[in-house]
Amino acid sequence: MEKKKAALHNLGCKVNAYETEAMQELLEKNGYEIVPFAPGADLYVINTCSVTNIADRKSRQMLHKAKKMNPNAIVVAAGCYVQAAGEELLKDPAVDLVIGNNRKKDLIRILEEYQSQERTGDGMADLGRGAEYEELHISHTAEHTRAYIKVQDGCNQFCSYCIIPYTRGRIRSRDPQDALAEVRLLAEKGFREIVLTGIHLSSYGKDNGSSLLELLWLLHGVEGIDRIRLGSLEPRVITEEFVKAAAGMEKLCPHFHLSLQSGCDATLRRMNRHYTAGEYYEKCQMLREVFDAPALTTDVIVGFPQETEEEFARTLEFLKKVSLYETHIFKYSRRQGTRAAQMEGQVPEQVKNERSAVLIRLGQENKERYEAALTGTDREVLFEEAQTLDGKPYFVGHTREYVKIAVPGTENLENRICRVAVNGERAAGMLTGSLIKKLVF
């Protein structure tokens, strides 16, 4: 009997990507052949995103694209857009099944009920208080060296621009032993780096008596895992206790993504962020005191409602002062269902574009300055793949700081950690270096 073919498509964050891979494994274990997201599949699963109105539109487009590729296929809408527009999706002829967050683990059962015409509901999830963490698991990923591990879901922050607390629900943490078992399995499969992710990773453990530090220590002891990297963190998780403990974990990468959003206190208050620019700066300095040139990265929203030229100037000056490695700039996107969408003083699109361009230029300058400081140093690089850069063969990987480095040659270095002497030259804009052979392991 020919296997049924399933195609999956992911939209959105690293948490969504993890859940998509977990759903793919569920399908594989139940006899489905995984095929590219192209015509010919019997089942299409789209893990949707709803972080912005644009994300909503992309989610709808992919659902309609799937049905066009095979009108007889079962099209499944899963994830955040489902939670935000469930009733609308139920009326959409392109969608056969909707599966809300916290129900993705039930994909096979819901499919079987639908196929046997015994469907008892629409697959939507109840994400009220008290919802339990959804146990999904992976044993392999699309990458071969680095695995993203979801350990937390939900958010209690209610930033005024964000819909996620409504689509993901309240905070829920993964059982530490369950995470440990998955990481051990991935280590056995050869993965050398793990990245802990969550919708609000800083809240890990607040609902189950654990803590992010306790989880880190637990995973730090897994043999075969050489690197542990953290996903996005809130500034207030950076305490003296956290920094002191982190400095004692040799596997923890000195790469910290601390969400900023604005360098102006007045804007931060309107965003309902729970820190000041001064406090954010203090957290960065705490990390720099105990780590050698850590890579600090962030997100910034420009053109938030009522943002004046003076407020923008404060953000610009703050970013110059804090001098981060990478700054991801987002133009404010009005999101229906949030408080910010109802605020007066919406900033014109042209102004957002101008402010965004200024911060992008500054971000590029800061990035180049940080990378230039690596010239003449040795760095550990976990190599991932061969690439052709400027017409020549290289092998490319990342340092512990998550700086991409390329070394020339055709030697297969995949999944090997090597010491590399950074020479300050570039290939296709990427830093290059030479192997220190005796330190390859």
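Residues numbered from 1 in each chain as written. Predicted model: local features only at pLDDT ≥ 70, side-chain atom pairs only at ≥ 80, totals over all residues. Heavy atoms only, no water.

Some remarks on the side chain of Ser356
Now for step 1: Among the structural elements, Ser356 can be located in helix α13 (residues 349-372).
Now for step 2: A relative accessible area of 8% places Ser356 in the buried class.
Now for step 3: The contact partners of Ser356, leaving out residues within four places of it in the chain, are Val302, Ile329 and Lys331. (Helix = DSSP H or I, 4+ residues; strand = E, 2+ residues; numbered from the N terminus. Buried < 20%, exposed > 50% of the residue type's maximum accessible area, 1.4 Å probe, protein only. Contact = heavy atoms within 4.5 Å.)

Some points on the layout of surface pockets
Now for step 1: If you add up the space inside the largest pocket, you get close to 1,700 Å³.
Now for step 2: Around the largest pocket, the lining comprises 50 residues; the ones closest to its centre are Cys13, Ser232, His257, Asp299 and Phe330.
Now for step 3: Looking at the lining of the largest pocket, the elements that each hand over two or more residues are α1 (14-29), α6 (164-168), β8 (193-198), β9 (227-230), β10 (255-257), β11 (295-302) and β12 (326-331).
Now for step 4: Per-element accounting of the lining of the largest pocket gives the leading share, four residues, to β12.
Now for step 5: Grouping the constituent residues of the lining of the largest pocket by class yields 24 nonpolar, 17 polar and nine charged.
Now for step 6: Considering only enclosed or pocket space, the second largest pocket measures out at about 300 Å³ in volume. (1 Å grid on protein atoms, 1.4 Å probe; cavity = no way out; pocket = protein on both sides within 12 Å on 5 of 7 lines; lining within 4 Å. Points joined across faces, edges and corners; volume = space filled by probe spheres on them. Nonpolar A, V, L, I, M, F, W, Y, C, P; charged D, E, K, R; others polar.)

Comments concerning the nonpolar core
Now for step 1: Among the nonpolar cores identified, the biggest contains 70 residues, and Leu196, Leu216 and Leu230 are the most heavily contacted of them.
Now for step 2: What Leu196 contacts, discounting residues up to four positions off in sequence, is Ile149, Val151, Leu201, Leu215, Leu216, Leu219, Arg229, Leu230 and Gly231.
Now for step 3: Formed by 22 residues, the second largest nonpolar core is a distinct cluster that contains Ala73, Ala77, Leu89 and Val98. (Core = buried A, V, L, I, M, F, W, Y, C linked by side-chain atoms within 4.5 Å.)

Describing the pattern of salt bridges
Now for step 1: Applying the stated rule across the entire model yields 31 salt bridges.
Now for step 2: The shortest N-O distance in the salt bridge between Glu317 and Lys320 comes to 3.4 Å. In this pair, Glu317 and Lys320 both sit in helix α12 (residues 309-322), three residues apart, roughly one turn of the helix.
Now for step 3: Bridged by salt links that share partners, the residues Glu19, Lys104, Lys150, Asp153, Arg168 and Arg172 form one connected network. (Salt bridge = Lys/Arg side-chain N within 4 Å of Asp/Glu carboxyl O.)

Re the packing of aromatic side chains
Now for step 1: Inspection of the entire model under this criterion finds nine aromatic pairs.
Now for step 2: Seen from their ring centres, Phe158 and Tyr166 are 5.4 Å apart, and the 75° between their planes marks the pair as edge-to-face.
Now for step 3: Taking the relative accessible area as the measure of exposure, Phe158 reaches 27% and is therefore partly exposed.
Now for step 4: The class of Tyr166 is partly exposed, set by a relative accessible area of 49%.
Now for step 5: Between Phe383 and Phe395, the ring centres sit 6.3 Å apart and the planes meet at 70°, which makes this aromatic pair edge-to-face. On the criterion of sequence distance, the pair formed by Phe383 in strand β13 (residues 378-389) and Phe395 in strand β14 (residues 392-399) is long-range, its members being 12 residues apart.
Now for step 6: The structure contains a cluster of three or more aromatic residues connected by ring pairs, namely Tyr161, Phe304 and Tyr332.
Now for step 7: When the ring centre of Tyr148 is taken as reference, the NZ or CZ atom of Lys14 above it lies at 4.5 Å.
Now for step 8: The ring of Tyr281 is capped by Lys321, whose NZ or CZ atom sits 4.3 Å from the centre of that ring. (Phe/Tyr/Trp six-rings, centres within 6.5 Å; stacked < 30°, edge-to-face > 60°. Lys NZ or Arg CZ within 6 Å of the ring centre and 35° of its normal.)

Topic: the state of the cysteines
Now for step 1: As enumerated under the stated definition, the model contains zero disulfides in all.
Now for step 2: The structure places no disulfide on Cys80, whose sulfur is separated from the nearest cysteine sulfur, that of Cys49, by 6.3 Å.
Now for step 3: The thiol sulfur of Cys159 is not disulfide-bonded, and the nearest other cysteine sulfur, from Cys162, lies at 6.2 Å. (Disulfide = S-S within 2.5 Å.)

Observations regarding the UniProt feature "domain: Radical SAM core" (unreviewed entry) in the chain
Now for step 1: Here, UniProt's "domain: Radical SAM core" (unreviewed entry) annotation points to residues 141-369.
Now for step 2: Across residues 141-369, helical content stands at 40% and strand content at 16%; the span's end C-alpha atoms are separated by 33 Å. (UniProt positions renumbered as here; feature names shortened; annotations may be inferred.)

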